[in-house]
Amino acid sequence: MSEMRVIGIRVEQPQNSPVLLLREADGDRYLPIWIGQTEATAIVLEQQGVEPARPLTHDLITTLIGALGHRLLEVRIVDLQEGTFYADLVFDRNVTVSARPSDSVAIALRAGVPIYAEEAVLAEAGLVMPDEREDEVEKFKEFLESVSPDDFKATDG
């Protein structure tokens, strides 16, 4: 399992689809995950340090976790099936809850916990982008021009 860093959210054109880009903390692989607009907004707001006047859903979930006496330990991206990613929220007291990666990442950022990806997921959907000297954002833009969500759907064979 590899620890991942949130690089950011980009919008793929012309579909206007948000893509969450993660990168291995100690590696060269990137993991792009197409997500919903609401989750993309929640991630961007947290990355930019914007505090809404009222708690958003992911803020509320983070508050509820503590209010119910639990602590989120980490987020794991655990599977990829037919183009759909799966994640787990891992809590204290051996509690694990399945969740969408987009929600999981939004909560992880708020809780300040690490994000991990299973090796099998990285082997299937992780991408190595050459020329480490380039700015990560520019590499990601180039990557988005060359792929579509269909590139990550499972194939028979």
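Conventions we followed
Position numbers for residues count from 1 along each chain, tracking the sequence in the order it is written. Given that the model is predicted, a residue must reach a pLDDT of at least 70 before its local features are reported, and side-chain atom pairs must reach 80 or more before they are shown or counted; all residues, however, enter totals for whole chains, interfaces and linings. Based on all heavy atoms of the structure, the side-chain values leave hydrogens and waters out of the count. Each reported salt bridge corresponds to a side-chain nitrogen of Lys or Arg within 4 Å of a carboxyl oxygen of Asp or Glu. Burial here depends on accessible area, computed with a 1.4 Å probe over protein chains only, as a share of the maximum for the residue type. Under 20% is buried, over 50% is exposed, and the range in between is partly exposed. Helix and strand definitions here come from DSSP, where helices need a minimum of 4 consecutive H or I residues and strands a minimum of 2 consecutive E residues; each element is numbered from the N-terminal end. DSSP bridges decide pairing: two strands pair if at least two such bridges lie between them.

(A) Region of interest: the pattern of salt bridges. Counted by the stated rule, this structure contains 10 salt bridges. Among the salt bridges present, the one from D92 reaches R93, with a minimum N-O distance of 4.0 Å. Since its relative accessible area comes to 16%, D92 is described here as buried. Using a relative accessible area of 56% as the deciding quantity, one classes R93 as exposed. The salt bridge involving R100 is made with D103; its shortest N-O contact spans 2.8 Å. Since its relative accessible area comes to 18%, D103 is described here as buried. One network of salt bridges, with partners in common, ties together E24, R29 and E119.

(B) Representation of the pairing of strand β5 (residues 84–91) in the model. Summarising burial for β5: 6 of the 8 residues are buried, a large majority. As consecutive antiparallel partners, strand β4 (residues 72–81) and β5 are separated by 2 residues, and within that stretch E82 has a phi angle of approximately 50°, a positive value. Pairing geometry for β5 and strand β6 (residues 95–99), over 5 bridges, is antiparallel. Counterpart to V90 in the pairing with β6 is T96.

Just geometry here; none of it tells us what the structure is for.
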